[in-house]
Amino acid sequence: VLYTSTLSTSWTANGSNGYMQTVSVSGVLASDTPVIGIVQTSTVATNQTLLENWALVSRITTANNSITAYCYGDKPTVALPIQILCVR
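The model shown is predicted, which means the values in this text are computed figures rather than measured ones. (Residues numbered from 1 in each chain as written. Predicted model: local features only at pLDDT ≥ 70, side-chain atom pairs only at ≥ 80, totals over all residues. Heavy atoms only, no water.)

**Student:** Please give an account of unusual backbone geometry that cites residues and values.
**Tutor:** Of note, the phi angle at Asn65 is positive, near 70°, even though the residue is not glycine. Residue Asn65 is classed as partly exposed on the basis of its relative accessible area, which comes to 41%. (Buried < 20%, exposed > 50% of the residue type's maximum accessible area, 1.4 Å probe, protein only.)

Structure follows, in structure tokens:
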């Protein structure tokens, strides 16, 4: 099943573990194994910025109807449009 969502620039400090963000994604299951990628544009400079910021995302987990993204160091400074392919 393929879903789309956006990781915003609003990240919550996660103690000494960096940052985290939970995003609602209707239909995602806690038991899903997500394969997630950035959605690129037709502009090279924009894609470079997206990919640089995407590299800051360390891990993403699923729960029923949501995903949680973690950054163990710096957090992205731009919104990241993503595609989520869930393997069930």
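From this point, things continue past the structure.
**Student:** Help me get a handle on the sheet that holds strand β5 (residues 59-63), residues and values and all.
**Tutor:** If you trace the four strands from one edge of the open sheet to the other, you get β2-β3-β6-β5, paired in antiparallel fashion. Two strands close off the open sheet at either side, each with one partner strand: β2 (12-13) and β5. The pairing of β5 with strand β6 (residues 66-71) spans five bridges and is antiparallel. Directly across from Arg59, in β6, lies its bridge partner Tyr70. (Pairing = 2+ DSSP bridges. Helix = DSSP H or I, 4+ residues; strand = E, 2+ residues; numbered from the N terminus.)

**Student:** Tell me what's going on with the packing of aromatic side chains, and back it up with residues and numbers.
**Tutor:** Summed over the entire model, instances satisfying the criterion amount to zero aromatic pairs. Directly above the aromatic system of Tyr70 lies the positively charged group of Arg59, at a separation of 4.5 Å from the ring centroid. (Phe/Tyr/Trp six-rings, centres within 6.5 Å; stacked < 30°, edge-to-face > 60°. Lys NZ or Arg CZ within 6 Å of the ring centre and 35° of its normal.)

**Student:** Lay out the pattern of salt bridges with the relevant residues and their values.
**Tutor:** Within the structure shown, the criterion is met by one salt bridge. Note that Arg88 is salt-bridged to Asp32, the shortest N-O span being 2.7 Å. Taken as a pair, Arg88 in the segment after β7 (80-87) and Asp32 in the loop between β3 (19-24) and β4 (33-38) lie far apart in primary sequence, 56 residues in all. (Salt bridge = Lys/Arg side-chain N within 4 Å of Asp/Glu carboxyl O.)

**Student:** I'd love a proper account of the sheet that holds β4, names of residues and values included.
**Tutor:** Pairing within the open sheet is antiparallel, and its three strands lie in the order β1-β7-β4. In this open sheet, the two strands that pair with only one neighbour each are β1 (2-7) and β4. Between one strand and the next, the sheet's axes are offset by a mean angle of 30°, whatever the strand orientation. (Axes fitted to C-alpha atoms, helices over the stretch in contact; angles between N-to-C directions.)

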